[in-house]
Amino acid sequence: MRRCAIHAAAALVVLLCAAPGRAEPYVPGDDAAVLERLPLAPLDASARRQRELRAELAARPDDLDRAAQLAWLYIRSGRATADPRFYGYAQGVLAPWWHERAAPLPVLVLRATIRQHDHDFAAALDDLAAALRADPTNAQAWLTQAVVQQVRGDYAAARASCLQVLQVASPLVGVICISGVDSLTGNGAASYAALARALQRAPEADPATRIWGLTALAEMAVRLGDAVQAEVHFQAALALGQSDDYLRGAYADFLLDQDRPDAVRALLAGATQSDGLLLRLAIAEARLHAPEAAAHVQMLRERFAAARQRGDRVHRREEARFALLLGDTRAALGLARDNWAVQREAWDARLLLEAAQAAGDPAVAAPVLAFLREHHTEDATLRRVAAGLDERPR
Amino acid sequence: MSRALIVVGLLLCAVPARAHKPSDSYLSVRPGHAGLDVRWDIALRDLEQAIGLDADQDGAITWGEVRERQDAIAAYAQSRLQVDADGAACTPGGATLRIDHHTDGAYAVLDYAFACAAAPRQLALRYGLFFDFDAQHRGLLRVVEAGGTRVLLFSADQPTQRIELGAGGGWQSVREFWRSGVWHIWSGTDHLLFLLALLLPAVLRRDARGWHPVGLRPALAATVKVVTAFTLAHSITLSLAAVGAVHAPARWIETGIAASVVLAALNNAYPIFRDGRWLVGFGFGLLHGFGFASVLAAPEVQVGSLLSALLGFNAGVETGQLAVVAAFVPLAFLARRSWFYQRLTLVAGSWLIAAVATVWMLQRAFDLSL
């Protein structure tokens, strides 16, 4: 009874919170009413530095050093807050050079990073190749290139880039890079051991890099089917105390596969800003038959509609997963297929497998199965999903 | 206990949960007799970045701070939008300021009346909001006319839009949706088989001794009844689902549609509804309407006006359906006396349709691929 009352109260709050989106415009009655909170407080050190640089650039917009400095600050804020507006600001700062094919080196690396964020992977790789021709020791460029190549499923190229990262970056960053690729191409156990050793040897690494490494280690344990170790590594990463959307998303996925939706709800309580986290929260709530699920599903529906209106195509993966949650198998299949044409990470493979299964059309998943065979992918979850598909009579 | 929770919850959501989204503004234009009504929604966050709103620099923007900057906001916005009607500039009147909330936070809503020389026929809009510091900003333009709504996009690479008012765009999108409706019924085997199963016996009459041919008038009457009932029913649910008034899970709808084909076909072998086939058409037509609506919910259909989409698509479905009826019924009428029609086409055909649809039904209900 009491649980029921709490659920009802929570649902009411979510509904009330969501309500302004549908109301008519209004004139607030109270001057003190807070309408908006800024992602960076204006007195925050990085916000202050951004304002100073902006003012200086207003006088001389073609000052390359200052422009590059400000663009990196924006990208850092974008990563820290997961707020895409900062990438637009960074691109704005680079306007004097943005359309130049042979842009200066710092602009090439920045432009590649922004294009990677927009999922324009081919253009990002062009910029990185040009940057690395100009400066073959640019660690940032090698690392970004390795990441983009891995996302596209070009593991041989990604491995070659990681070997370069090993030469020019810290050993931990190099090992995270190369073990990530190796673990996807048939060397799961050895890569896991190598990354665990590298993390032990680098206790002094900055927290962001350690979180990255521990998350990668946890994901390798998941792929090897070792849920106990995965939990240990996820907890170690969370214990470092920095908010990291990628980490929370990966841990939530693990918990959902472990059938622990209650834990997901606790982990992501209030995480409604990021579409990816809100989606996982809604999945957990739907499994628990929680009353908040309906309002969160509605919020996601509105957000995907808003993204479509502006012509964005970077949410295909999340949208395919959302369509599966809604049981809209036709839409899910189309989105998962479009998504697989652009990115080829484990989740992209899994969504196309699951969508093909849900739509009763296993032939659509054939390219994914061929890809997994070709690269000797070891992934307990993918194996389970693919087996479900294979067992279907044809 | 729960009351305390609600209070805490309301405090938490005093600022609504905000999505992370790139910057957009929403510009809505309604042409009138001597000008345009314009509503422009601009994010407070973007205005803060452009002209500064947070006077006390505490990271929170209050209504008082926005009100203080009302004139600056209006002037800034006005300098970034130029509206020409038939080659002459329109002049904006004073703006009123309100507040609204979109998925990514609070927006200033500016309402303007633009005065033009006469009733505009051709508009040219030049949009320059925020591109100077946010290269990924977009302006979403909605042109609202009686005949429909068009959605166009401003970006740094595409800062101008020309719009022919009147018949133009609305009609064009109606035609596109019409075509998509025709195509949908022709490629939607399940809808066609359902209709065929109901129409197969339209040229015959059944009594205790079997099937007997009927004259032209009763055959046409039976056809019109079935087609009208089916059309009416699927138009109702298509409209309700398209405007979002009802929502049905896709898997059960698809399964139900397959089941409707099975039942309609079996009804020919073991007639339950003899003269009431139009009732079957109506009842299951409601299900088929939900199936049609899934097309209108597809991403590429979202842009543009729902009304013209709905009208055009539905008209297309009816056209496609009538074409099939016009091709089938005369042939059936001519062949109705033959053994070929009465035994092979009607009875064996119905069994075949029922068999195919049973496979669909199982596939859709249990996610199988047989």
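A brief report on the enclosed structure follows. What you see is a predicted model, and the numbers here were worked out from it, not measured in a lab. (Residues numbered from 1 in each chain as written. Chains lettered and ligands numbered in written order. Predicted model: local features only at pLDDT ≥ 70, side-chain atom pairs only at ≥ 80, totals over all residues.)

Moving on to the overall build of chain B. Assigned secondary structure in chain B consists of 11 helices and 14 strands. By the burial criterion, 44% of the 370 residues in chain B qualify as buried. (Helix = DSSP H or I, 4+ residues; strand = E, 2+ residues; numbered from the N terminus. Buried ≥ 20, exposed ≤ 12 C-beta atoms within 10 Å, placed from the backbone.)

A separate point is the overall build of chain A. Each helix and strand in chain A was counted, giving 22 helices and 1 strand. Taken across its 394 residues, chain A has 45% of its residues classed as buried. Considering only intrachain contacts with a sequence separation of at least 6, the fraction spanning at least 24 residues in chain A is 49%. (Contact = placed C-beta atoms within 7 Å.)

With that out of the way, let us pick up the packing of helix H8 (residues 139-151) of chain A against helix H10 (residues 171-183) of chain A. Residue and element names in this part refer to chain A. Viewed as axis vectors pointing N to C, H8 and H10 meet at an angle of 15°, and their least axial separation amounts to 11 Å. Relative to H10, H8 is oriented roughly parallel. Taken as a pair, H8 and H10 cross one another with a handedness that is left-handed. From H8, Leu143, Ala146 and Gln150 reach across to H10, where they touch Val173, Cys177, Gly180 and Val181. In terms of residue class, the contact of H8 with H10 is built from 5 nonpolar, 2 polar and no charged. (Axes fitted to C-alpha atoms, helices over the stretch in contact; angles between N-to-C directions. Parallel < 35°, antiparallel > 145°, perpendicular 65-115°, else oblique. Left-handed = near helix turned anticlockwise from the far one by under 90°. Nonpolar A, V, L, I, M, F, W, Y, C, P; charged D, E, K, R; others polar.)

This part takes up the sheet that holds strand E5 (residues 88-89) of chain B. If you trace the 4 strands from one edge of the open sheet to the other, you get E5-E4-E9-E12 (chain B), paired in antiparallel fashion. Pairing within the sheet leaves two strands with one partner each, and these edge strands are E5 and strand E12 (160-164) of chain B. (Pairing = 2+ DSSP bridges.)

On to the nonpolar core, then. Within the largest apolar cluster, 100 residues are counted, with the highest numbers of intra-cluster contacts made by Ala90, Leu352 and Ala355 of chain A. Looking at this core element by element, the count peaks at 9 residues for helix H12 (residues 207-223) of chain A. Setting aside anything within four residues of it in sequence, one finds Ala90 of chain A in contact with Ala71, Tyr74, Ile75, Leu110 and Ile114 of chain A. Of all hydrophobic cores here, the second largest spans 54 residues; its members include Trp178, Leu200, Ala258 and Ala265 of chain B. (Core = buried A, V, L, I, M, F, W, Y, C linked by C-beta atoms within 7 Å.)

On their own, these measurements won't tell you what the molecule is for.
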